[in-house]
Amino acid sequence: MRTWIGVHLPQLPLETFRPRWSEPGLHVVVNRLHAVAVSAQAATAGVRIGMRRAGVQTLCPAAVLHEHDAAREQEALSEIALALLQYTPEVAFAEEASLLLDLTASLRAFGGRRALCRRVRASIEALGFTPHIGMAPTAQGAWLLARHPNRRRRVVRMESLARRLDALPWLLLPAAQSCQEWLDGIGCITFADLRRLPRAGLQRRSGKGVLDALDRAYGQALELFNWVQAPKTFSARLELPDRIEHAEAILFAARRLLLQMTGWLVAQQLAVTRFTLWLEHERGRCALAPTPVEIALADPAWREEHLVRLLKERLGRIALSAPVIAVRLEAARVSAMLPPTDSLFPDPGGTSADYHRLLELLTARLGDQSVLAPAPRADHRPEVCNGWMPAARVTRPAPAPRLERPFWMLETPLPLTVRDHRPFYGSPLQMVKGPERIECGWWDGRLVVRDYFIAQGNSAALYWIYRQRNNEEIDWFLHGLFA
Amino acid sequence: MPALVSHLSASNATPSPLLHAVWRANQMGSCRAAVTATGHRVLDTELPNGGWPGASLIELLLQQAGIGEMQLLRPTLDAVAKKCRIALVQPPHRPQIAAWTAWGLPAERLLWVQAAHGADALWSAEQILRNGSCGALLFWQTHVRGESLRRLHLAAQGTEVLFWMMRPLACAQDASPAPLRLALRPTAGGLHLDIVKRRGPRRDEPLFLPLDALPAASSTSSPAAHAHLDRRTPAAATARNLPPALV
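Residues numbered from 1 in each chain as written. Chains lettered and ligands numbered in written order. Predicted model: local features only at pLDDT ≥ 70, side-chain atom pairs only at ≥ 80, totals over all residues. Heavy atoms only, no water.

*Asks:* Which residues make up the overall build of chain A, and what are the values?
*Replies:* A tally of helices and strands in chain A yields 15 helices and 20 strands. Taken across its 483 residues, chain A has 49% of its residues classed as buried. Taking the contacts inside chain A whose residues are at least 6 apart along the sequence as the reference set, 59% of them involve residues at least 24 apart. Put simply, chain A shows about 25000 Å² of open surface, and 51% of that area lies on carbon and sulfur atoms. (Helix = DSSP H or I, 4+ residues; strand = E, 2+ residues; numbered from the N terminus. Buried < 20%, exposed > 50% of the residue type's maximum accessible area, 1.4 Å probe, protein only. Contact = heavy atoms within 4.5 Å. Areas by Shrake-Rupley, 256 points an atom, 1.4 Å probe, with all protein chains shown as cover.)

Laid out in structure tokens, this is it:
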């Protein structure tokens, strides 16, 4: 028994112009003569599908009319198909703005029929479209269930599919619409009525298409499809419905592109290591080059949630120079997808992939110079020796010397006052240990001639201070705190 | 008769689970989560279950930075660093790697996160807790609102990360959701620990914790031992100030 999902997009003509998350308004899509799709607000104003253009303008003068664009609709449909490739490699286009997915092999991987339906719906909704989803053991059956406006659209067994289909009106079949007149004339309304007619007569009067579709729907004939092929490289562009002035608001649109990329990556069995989001600006008096938002990953990833989180943190830090009108996503570097893990029991501290994900997330929000790992250098000067590098770049730090050093180092040494010939910091300081002479750095112009002491204040806290000869005077500085 | 016996045994059995469920204020409490030994026996006996509680917020209230707080945590960090990484978020000063390696801890296990804003630092701490790939998190923050603390405590409960938060001593007066709060004051050769809050009886007198690895402890026992080294200067001063009549 196979499992098919049919996805029908009833609002596709409208949603190619106004994604479902955009602000509600009076929008009507018209082809040369008639209204093809109507937004909910326009429908309450009285505009109906099939109305003439002049009629729409008379009824609702404020409505925005969009010209029906079949090429753009097909493009949107292939975007959805690309995003759905993450659930199954077998995705096919079907007539009347719908898609068919063979999910027989993916049921267990995604946790069953119901969960899979939910995920497919969530993915399509994230792309900005409203789907009607039907599930059936045959592709034609799934398509018919998705096409019908009632709400119970999931069928698992063939017998119940036959029962459900029998009650549906045959008018749903595109092939049968040419013979509507005479079928109506003989009182034929549902699929059950249609099947009761003699096959030979039906074929002679209506052509082969009706009988074929019927047989396919009831599982009595073979179904053949041209599966959607994923392109070799990934680059997707999206025009935004409005001008966007805040970088964070781009996330909605970027998420749509990321979903497509996820589908593409899964279909190609690849993982992305670097991708770029180009923000194309409105052309004002002079043309502005698009702003690239480049994201490099330490670990190849293909999961959508992680990529969305990274992008969210990055976009939060960007100040736009001009309003954005379009975004484009490119997978700059990809590598083969690796199997998740080879150990039976997970490590207690999480895998190294988890750690890399954490680093990427922190770096995306805080910047490169704020997430640091030790990179000590062989030098006697404590401030040079104590080197820190961006954590994503450090591979394996050199061994640091084992010296008695304070754990906290001041960024710049603090000059100390001297009272009674003693350095003073809150209280007079007592020398506990020392001196340790460090005289170094004549070769790079940062000469250091210091005597370090460990000193203790009245509160018993320990300080690392040094003495520096400056002509005849001796200056004292605080350089570290023992923690 | 058998019915009566079973009834009796049942009534005898009921108090013992109740005894477990009731905690009396003069007893040391217990926590569900696994604990990690502090490495200081004096402190272990004073903490519920004898160690730092994992999966919860631990507050250390410091008089100032650099009074031996890292020495206090060193044995625990030593144990953690064998397996996992240790994250320092928003430390007050630059951490010195040489000091870390001198304690015998591997440098590659350190991660230093320095955020520009307080909100970013809180976010980073929460992300590190959520991610769970670091074994310990040390977080310095001076001004934290109560709801942020609760949120961090909640985030810590979902993981096995040891989570210390370092705050100024003045915060001891404020309410906090942390189940364990210790106030740290420096003293000669060690630390004075005030247990501000714990799941156990109240302890008023501070706990003295000797820290052997501090440089002062290894050389001399107390700062008073230094006084006579410099005694020559005051002696000369008194001689000059003698009243002339006595001379």
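Once the structure has been displayed, the description carries forward.
*Asks:* Describe the environment of Arg255 of chain A, and please don't skip the residues or the numbers.
*Replies:* Residue and element names in this part refer to chain A. Among the secondary structure elements, Arg255 is positioned in helix 12 (residues 250-268). Residues Arg255 and Arg309, 54 residues apart in the sequence, show an inter-C-alpha distance of 9.9 Å. Non-local contacts of Arg255, meaning those with residues more than four positions away in its chain, are made with Ala126, Glu304 and Val308.

*Asks:* Help me get a handle on the sheet that holds strand 10 (residues 190-197) of chain B, residues and values and all.
*Replies:* Taken together, ten strands build an open sheet; the order of strands is 13(A)-12(A)-6(B)-4(B)-7(B)-8(B)-3(B)-9(B)-10(B)-11(B) and the sheet is mixed. The open sheet has two edge strands, strand 13 (388-390) of chain A together with strand 11 (207-210) of chain B, and neither has a second partner. Averaged over all pairs of adjacent strands, the angle between strand axes in this sheet comes to 25 degrees, irrespective of strand direction. Where strand 12 (residues 371-374) of chain A meets strand 13 of chain A, three bridges bridge the pair, whose relative direction is antiparallel. The residue bridging Pro374 of chain A from the neighbouring strand is Trp388 of chain A, located in strand 13 of chain A. Docked against the sheet, helix 6 (residues 118-131) of chain B engages strand 4 (85-89), strand 6 (110-113), strand 7 (134-140) and strand 8 (162-168) of chain B, running at close to 165 degrees with respect to strand 7 of chain B. (Pairing = 2+ DSSP bridges. Axes fitted to C-alpha atoms, helices over the stretch in contact; angles between N-to-C directions.)

*Asks:* Which residues make up the interface of chain B and chain A, and what values do they have?
*Replies:* Listed by partner, the interface residues are 56 residues for chain B and 53 residues for chain A. Summed over both sides, the interface of chain B with chain A buries roughly 4800 Å², with 63% coming from carbon and sulfur. It is Arg94, Gln96 and Trp123 of chain B that lose the most area in chain B upon contact with chain A, and together they represent 16% of the buried surface on that side. Linking chain B to chain A there are two salt bridges. The partner of Arg94 of chain B in a salt bridge is Glu411 of chain A, with the nearest N and O atoms 3.5 Å apart. By residue number, the principal contributor to the side of chain B that touches chain A is helix 6 of chain B, which donates seven residues. Of the residues belonging to the side of chain B that touches chain A, the class tally is 31 nonpolar, 19 polar and six charged. With two bridges connecting them, strand 14 (residues 408-419) of chain A and strand 5 (residues 94-95) of chain B associate as antiparallel partners. (Buried area = accessible area lost by both parts, 1.4 Å probe. Salt bridge = Lys/Arg side-chain N within 4 Å of Asp/Glu carboxyl O. Nonpolar A, V, L, I, M, F, W, Y, C, P; charged D, E, K, R; others polar.)

*Asks:* Just give me the short version of helix 4 (residues 69-81) of chain B, but keep the residues and values in it.
*Replies:* Residues and elements named next belong to chain B. For helix 4, with 13 residues, the first-to-last C-alpha span of 17 Å sits near the 18 Å given by 1.5 Å per residue. Maximal helix bending in helix 4 amounts to about 50 degrees, located at Pro75. Those residues of helix 4 not exposed but buried are Glu69, Met70, Gln71, Leu72, Leu73, Thr76, Leu77, Val80 and Ala81. (Expected span 1.5 Å × (residues − 1). Bend = angle between axes of the 7 residues up to and from the residue.)

*Asks:* Lay out the packing of aromatic side chains with the relevant residues and their values.
*Replies:* Evaluated as defined, the whole model comprises 18 aromatic pairs over all chains. Centre to centre, the rings of Trp4 of chain A and Trp227 of chain A are 6.2 Å apart; their planes meet at 20 degrees, and the pair counts as stacked. With Trp4 of chain A in strand 1 (residues 4-8) and Trp227 of chain A in the loop between helix 11 (208-217) and strand 8 (235-244), this pair connects stretches of sequence that are 223 residues apart. Ring pairing ties together the aromatic residues Phe407 and Trp408 of chain A together with Trp100, Trp103 and Trp140 of chain B, which thus form one cluster. Positioned over the ring face of Trp182 of chain A is Arg205 of chain A, at 5.4 Å from the centre of the ring. The ring of Tyr355 of chain A has Arg85 of chain B sitting right over it, with the charged end atom 3.8 Å from the ring centre. (Phe/Tyr/Trp six-rings, centres within 6.5 Å; stacked < 30°, edge-to-face > 60°. Lys NZ or Arg CZ within 6 Å of the ring centre and 35° of its normal.)

*Asks:* Could you give an account of the environment of Leu152 of chain B, with specific residues and numbers?
*Replies:* Mapped onto the secondary structure, Leu152 of chain B falls in helix 7 (residues 146-157). With residues up to four places along the chain from it excluded, the contact list for Leu152 of chain B reads Leu122, Ala125, Glu126, Leu129, Phe139, Phe163 and Met165 of chain B.

*Asks:* Quick rundown of a nonpolar patch on the surface? Include the residues and the values.
*Replies:* A surface patch of nonpolar side chains, amounting to about 500 Å² of accessible area, comprises Trp442, Trp443, Leu447 and Val449 of chain A. Relative to the elements of secondary structure, Trp443 of chain A occurs in the loop between strand 17 (430-440) and strand 18 (448-456). (Patch = residues over 30% accessible without salt bridge, like charges linked within 9 Å, V, L, I, M, F, W, Y side chains within 5 Å.)

*Asks:* Explain the packing of helix 4 (residues 70-84) of chain A against helix 12 of chain A residue by residue, including any values.
*Replies:* Residues and elements named next belong to chain A. In contact at an axis separation of 6 Å, helix 4 and helix 12 are set at 55 degrees when each is read in the N-to-C sense. Here helix 12 runs oblique to helix 4, going by the angle between their axes. Across from Glu79, Leu82 and Ala83 in helix 4, the residues of helix 12 making contact are Arg256, Leu259, Gln260, Gly263 and Trp264. (Parallel < 35°, antiparallel > 145°, perpendicular 65-115°, else oblique.)

*Asks:* Please provide a residue-by-residue account of the pattern of salt bridges, values included.
*Replies:* The final tally for this structure, using the stated rule, is 40 salt bridges over all chains. Residues Arg181 of chain B and Glu59 of chain B are paired through a salt bridge, measuring 2.8 Å at the closest nitrogen-oxygen approach. In this pair, Arg181 of chain B is assigned in strand 9 (residues 180-187) and Glu59 of chain B in strand 3 (residues 57-62), connecting sequence segments 122 residues apart. Both residues of the pair, Arg181 of chain B and Glu59 of chain B, count as buried. A network of salt bridges, in which partner residues are shared, links Arg237, Glu239, Glu280, Arg328 and Glu330 of chain A.

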